[in-house]
There are 2 protein chains.
Amino acid sequence: MTGYNLEAIEAAPLKDDVDIVIPTIRSLDFLEQWRPFLQHYHLIIVQDGDPSIKIRVPDGYDYELYNRNDINKILGPRASCISYKDGGCRCFGFMVSKKKYIYTIDDDCFVAKDPSGKEINVIAQHIKNLETPSTPHYFNTLYDPFRDGTDFVRGYPFSLREGVQTAISHGLWLNIPDYDAPTQLVKPRERNASLCRYVDAVMTIPKGVLYPMCGMNLAFNRELIGPAMYFGLMGEGQPISRYDDMWAGWAAKVVCDHLGFGVKTGLPYLWHSKASNPFVNLKKEHKGLHWQEDMVPFFQNLRLSKESDTAAKCYMEISKMTKENLTKVDPYFENLADAMVTWLEAWEELNPPVKNEACDDKPVKKDNGKDVKAK
Amino acid sequence: MTGYNLEAIEAAPLKDDVDIVIPTIRSLDFLEQWRPFLQHYHLIIVQDGDPSIKIRVPDGYDYELYNRNDINKILGPRASCISYKDGGCRCFGFMVSKKKYIYTIDDDCFVAKDPSGKEINVIAQHIKNLETPSTPHYFNTLYDPFRDGTDFVRGYPFSLREGVQTAISHGLWLNIPDYDAPTQLVKPRERNASLCRYVDAVMTIPKGVLYPMCGMNLAFNRELIGPAMYFGLMGEGQPISRYDDMWAGWAAKVVCDHLGFGVKTGLPYLWHSKASNPFVNLKKEHKGLHWQEDMVPFFQNLRLSKESDTAAKCYMEISKMTKENLTKVDPYFENLADAMVTWLEAWEELNPPVKNEACDDKPVKKDNGKDVKAK
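Because the structure is predicted, anything quoted here is derived from the model rather than measured.

Novice: Account for the interface of chain B and chain A, with residues named and values stated.
Specialist: Contact residues are listed per partner, giving 59 residues for chain B and 59 residues for chain A. Between chain B and chain A, a total of about 5,100 Å² is buried, with carbon and sulfur atoms accounting for 57% of that surface. Linking chain B with chain A are eight salt bridges, by the criterion used here. Between R154 of chain A and D245 of chain B there is a salt bridge, with the nearest N and O atoms lying 2.7 Å from each other.

Given below as structure tokens:
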């Protein structure tokens, strides 16, 4: 497509517009390998587990780090909405960021190579994905039409070629696939690189279609979708784990579909170094494996009202529907629904909506609002 | 996935269950290169244009050939539903076939190589696609879960992992992409191999999502979907061309969604040797380029009744809706709607439904029915 200078995007990868959010319980030595690609970005590290453990961050990285004590101090009683001993704690980082884009990555992920042997710049690819439109209303058989050298095929209506703004870029993994515990147990041999193929494609997930969003290698536009990127109530004190990203992905997709934003999946790949223990995972997941049979149809059938014209309003409506529809599956969902409201309150506290006096009835982008206020 | 022996499928590529349908106006020398893969299959050649031209078929191929005189003789006045001087005439071949699967290919297409340099067995891949289930209800981020070495990712509900029967396998093209005339004109340099990337994936097009189906490299299960695979009224005497496969693709996708069948796109690739003339194409396409802005929303909003429980009944309903909804776009659609009915009548004449006495109220598969009758 003309009009998008992808090379320029790659050369200037918007370093002042992106925060990298990393949940961790250990030192971040994995960042050594990422220096060529990530060192110029600001990190938001969310330390999970024991706050007394000292997390080591490689020299030269600019970062802020929050442990559980910090989260409790900043959010007060609302800290209850942030998961403990679960990767879902990463969403605290989304909340304290002030940037347009978030890239979040797990600390067992490394730089992958494309089939030509070139190291993959994950963040440049995610930014390309987010800065070019999505095409959720009709399928393009040659994949992402906004990629250099590709286009819309014959039979693609011209009125749909403009596309819509992209809110989410879901990246994939080489080496260890993101399987659930039963699949890990049944297929132990699939832990090798040849089985996670490099598929050289980015595509829009069509409107109305749900997908399992993995938080391992994920970027999104927090101005568009931030308040819907809540990773739920998981881990210690909760009946499930390992569904934090799934919950966020289902809800955020429904919100994107409703607000007219796009979701892409595919490139970039990173190297996922080790599979988690399938027996531990089975314990963490077993309720989720059961409940997803209700959660997925719930989100598939969910219809938001016209009045919900921002991600926050949509998410508030989803919270109400969660309580109404899923509490019969398990009382846990009542707690989750309450936590969703707490999350929205905390989001609003840290990201106060600023009224745009000239245009009071329209949803206001936070950063624009702040600029107005600052003047 | 367990339960599908993909190697066995490849070793015995169902040669008695597949007809290869080729529309052509010239000698079929291109089949020389296809010998290793296609020679053991039966060909149905539909000769377009002047019937007095002698079509040369390479030795060793088993084939039947129909020119316009043959079509007129077999269908009588109903031959009017078969396009003349347009690739859409291929659907006559679908009608006279008695096989389960159809593979249709254009005569300017050659064997492509995968990135390892191995020649691609298109038909083996299409059969794999058709013989393994589709997953139209939820998106799998690692693409086709039924491919060897792949599976469903974390967060994929178990109740959806069985999938549904696959009706259509849409293959892609290396070298010359399938662009419309305006895109061909604007991007003349995209006529080289590096721009049509080899993407090593097969995926289900989700339920409710339309796509532009190209007839160049296409396989389908004619028992499931045959009567909906009508390539319309195009070419000489009609106001458009080059929308034959699009029309079939939109209608067949709607029918698949309604009947619970799946549609896959991606592998296999073939080598598309030459782009057609963009100025000639523009003349052929220009009404279609305009009308697709109405045709696509028509199919997107089309809902079939519960009573339509076979492809033929669905297609009859689509014919009525075409007349009701698209005639206001152009009177042509009234003719097209009538031709759709003629097509169904001709299909039924050549493929008479046989009543299964034991189970009169259920739709009957033609071939099963014939077996019953033969006894």
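So, next bit.
Novice: Lay out unusual backbone geometry in plain terms, naming residues and giving numbers.
Specialist: Most of the time, phi is negative for any residue but glycine, and the peptide bond is trans. Cis geometry is found at the peptide bond from L267 of chain A to P268 of chain A, where omega equals 0°. Residue placement: P268 of chain A occurs in strand β9 (residues 262-272). The phi dihedral of Y143 of chain B falls on the positive side, at around 65°, and the residue is not glycine. Along the polypeptide, Y143 of chain B turns up in the loop between α5 (122-131) and β6 (166-175). The exposure class assigned to Y143 of chain B is buried, which follows from its relative accessible area of 4%. Positive phi values are uncommon outside glycine, yet N175 of chain B reaches one of about 80°.

Novice: How would you summarise the relation of the copies chain B and chain A if you had to cite specific residues and measurements?
Specialist: Superposition of the two copies of the chain requires a rotation about an axis together with a shift along that axis. The two copies are related by a screw operation: chain B maps onto chain A through 180° of rotation and 0.0 Å of translation along the axis, at an RMSD of 0.0 Å. A rotation of that kind, with that shift, is consistent with a two-fold axis. Residue V199 of chain B of chain B places its C-alpha closer to the rotation axis than any other residue of that unit, at 2.8 Å. Same-surface contact between copies: 100% of interface residues of chain B are shared with the interface of chain A.

Novice: Account for the pattern of salt bridges, with residues named and values stated.
Specialist: Residue and element names in this part refer to chain B. One pass over the structure, following the stated rule, counts 40 salt bridges over all chains. Put simply, D29 and R56 hold a salt bridge, and the shortest N to O gap is 2.9 Å. With D29 in the loop between β1 (18-24) and α2 (31-38) and R56 in the loop between β2 (42-47) and β3 (62-66), this residue pair connects regions lying 27 residues apart in the sequence. Residue classification places D29 among the partly exposed positions, given a relative accessible area of 41%.

Novice: How would you sum up the environment of K207 of chain B? Please name residues and give values.
Specialist: Residue and element names in this part refer to chain B. Inspection of the secondary structure assignment puts K207 in the loop between β7 (202-204) and β8 (217-221). Considered as a pair, K207 and T265 are 58 residues apart in the sequence and their alpha carbons are 13 Å apart. Every residue in contact with K207, bar those within four places of it in the chain, is listed here: P136, H137, K253 and D257.

Novice: Could you give me a rundown of the packing of aromatic side chains, with the residues and numbers involved?
Specialist: Residue and element names in this part refer to chain A. In the structure shown here, the tally under the stated rule is 36 aromatic pairs over all chains. Cluster of aromatic residues (ring-pair linked, three or more members): W247, W250, W291, F298, F299, Y332 and F333. Between the NZ or CZ atom of R161 and the centre of the ring of F158, over which it lies, the distance is 3.9 Å.

Novice: Can you lay out the side chain of N351 of chain B for me, pointing to particular residues and giving the numbers?
Specialist: Residue and element names in this part refer to chain B. Looking at where N351 falls in the secondary structure, it is placed in the loop between α11 (332-350) and α12 (366-374). At 3.1 Å, the side chain of N351 forms a polar contact with the backbone oxygen of M95. In terms of polar contacts, N351 uses its side chain to reach the side chain of R222, at 2.9 Å.

Novice: Go over the packing of helix α8 (residues 244-259) of chain B against helix α9 (residues 278-301) of chain B with me, naming the residues and quoting the values.
Specialist: Residue and element names in this part refer to chain B. At a closest axis distance of 10 Å, the pairing of α8 and α9 adopts a crossing angle of 15°. By the criterion of interaxial angle, the relationship of α8 to α9 is roughly parallel. In this structure, α8 meets α9 at a crossing whose hand is right-handed. Residues W247, W250, A251 and V254 of α8 lie in contact with α9, whose contacting residues are Q292, M295, V296 and F299.

Novice: Tell me about the side chain of H42 of chain A, and name the residues and values.
Specialist: Residue and element names in this part refer to chain A. Tracing the chain through its elements places H42 in strand β2 (residues 42-47). Of note is the side chain of H42, whose polar atom sits 2.7 Å from the side chain of D62. Non-local contacts of H42, meaning those with residues more than four positions away in its chain, are made with V18, D19, I20, D62, Y63, E64 and K99.

Novice: Now, about the nonpolar core: what can you tell me, with residues and values included?
Specialist: Ranked by size, the top nonpolar core spans 237 residues in total, and within it I168 and I225 of chain A together with I168 and I225 of chain B carry the most contacts. With 10 residues, the single largest contributor to this core is helix α11 (residues 332-350) of chain A.

Novice: Could you give me a rundown of α11 of chain A, with the residues and numbers involved?
Specialist: Residue and element names in this part refer to chain A. Over its 19 residues, α11 runs 27 Å from end to end, which matches the ideal 27 Å to within 8%, given 1.5 Å per residue. What α11 keeps buried is the set Y332, F333, L336, A337, A339, M340, T342, W343, L344, A346, W347 and L350. Among the structural elements, α3 (68-75), α4 (91-96), α7 (222-225), α8 (244-259), α9 (278-301) and α10 (311-326) are those in contact with the buried residues of α11.

Novice: Explain the confidence of the model for chain A residue by residue, including any values.
Specialist: Residue and element names in this part refer to chain A. Averaged over every residue, the pLDDT of chain A is 90; the share at 70 or more is 89%. Confidence drops under pLDDT 50 across residues 358-375; counting only partners more than four residues distant or on other chains, this segment forms 17 contacts. Confidence estimates for the predicted assembly give a pTM of 0.91 and an ipTM of 0.90.

Novice: For α10 of chain A, give the residues involved together with the corresponding values.
Specialist: Note that an α-helix has 3.6 residues per turn; residues three or four places apart therefore point the same way. Residues and elements named next belong to chain A. Compared with the 22 Å implied by 1.5 Å per residue over 16 residues, the 21 Å span of α10 between its first and last C-alpha is a close match. Taken together, the buried positions of α10 are A311, C314, Y315, E317, I318, S319, M321, T322 and L326. Buried positions along α10 lie against α7, α8, α9 and α11.

Novice: Give a detailed account of a nonpolar patch on the surface, specifying residues and quantitative values.
Specialist: Residues and elements named next belong to chain A. Together, L185, V186, F279 and L282 make up a nonpolar patch on the protein surface, roughly 370 Å² of accessible area in all. Put simply, the parts of the chain that give the nonpolar patch at least two residues each are α6 (181-186) and α9. Mapping L282 onto the fold places it in helix α9. The exposure class of L282 is partly exposed, given its relative accessible area of 30%.

Novice: Describe the packing of helix α10 (residues 311-326) of chain B against α11 of chain B, naming the residues involved and giving the relevant values.
Specialist: Angle between the axes and distance between the axes: these two values describe a pair of packed helices. All names here are of chain B. Where α10 meets α11, the axes come as close as 8 Å, and the angle between the chain directions of the two elements is 165°. By the criterion of interaxial angle, the relationship of α10 to α11 is roughly antiparallel. The handedness of the crossing between α10 and α11 comes out as left-handed. Within the contact between the two elements, α10 uses A312, Y315, M316, I318, S319, T322, K323 and L326 and α11 uses F333, E334, A337, D338, M340, V341, W343 and L344. Taken together, the residues of the contact of α10 with α11 break down into 11 nonpolar, two polar and three charged.

Rules and cut-offs
Residues numbered from 1 in each chain as written. Chains lettered and ligands numbered in written order. Predicted model: local features only at pLDDT ≥ 70, side-chain atom pairs only at ≥ 80, totals over all residues. Heavy atoms only, no water. Contact = heavy atoms within 4.5 Å. Buried area = accessible area lost by both parts, 1.4 Å probe. Salt bridge = Lys/Arg side-chain N within 4 Å of Asp/Glu carboxyl O. Helix = DSSP H or I, 4+ residues; strand = E, 2+ residues; numbered from the N terminus. Buried < 20%, exposed > 50% of the residue type's maximum accessible area, 1.4 Å probe, protein only. Least-squares fit on C-alpha atoms with pLDDT ≥ 70 in both. Phe/Tyr/Trp six-rings, centres within 6.5 Å; stacked < 30°, edge-to-face > 60°. Lys NZ or Arg CZ within 6 Å of the ring centre and 35° of its normal. Polar contact = N/O pair within 3.5 Å; in protein donor to acceptor, adjacent residues only side chain to side chain. Axes fitted to C-alpha atoms, helices over the stretch in contact; angles between N-to-C directions. Parallel < 35°, antiparallel > 145°, perpendicular 65-115°, else oblique. Left-handed = near helix turned anticlockwise from the far one by under 90°. Core = buried A, V, L, I, M, F, W, Y, C linked by side-chain atoms within 4.5 Å. Expected span 1.5 Å × (residues − 1). pLDDT = per-residue confidence, 0-100. Patch = residues over 30% accessible without salt bridge, like charges linked within 9 Å, V, L, I, M, F, W, Y side chains within 5 Å. Areas by Shrake-Rupley, 256 points an atom, 1.4 Å probe, with all protein chains shown as cover. Nonpolar A, V, L, I, M, F, W, Y, C, P; charged D, E, K, R; others polar.

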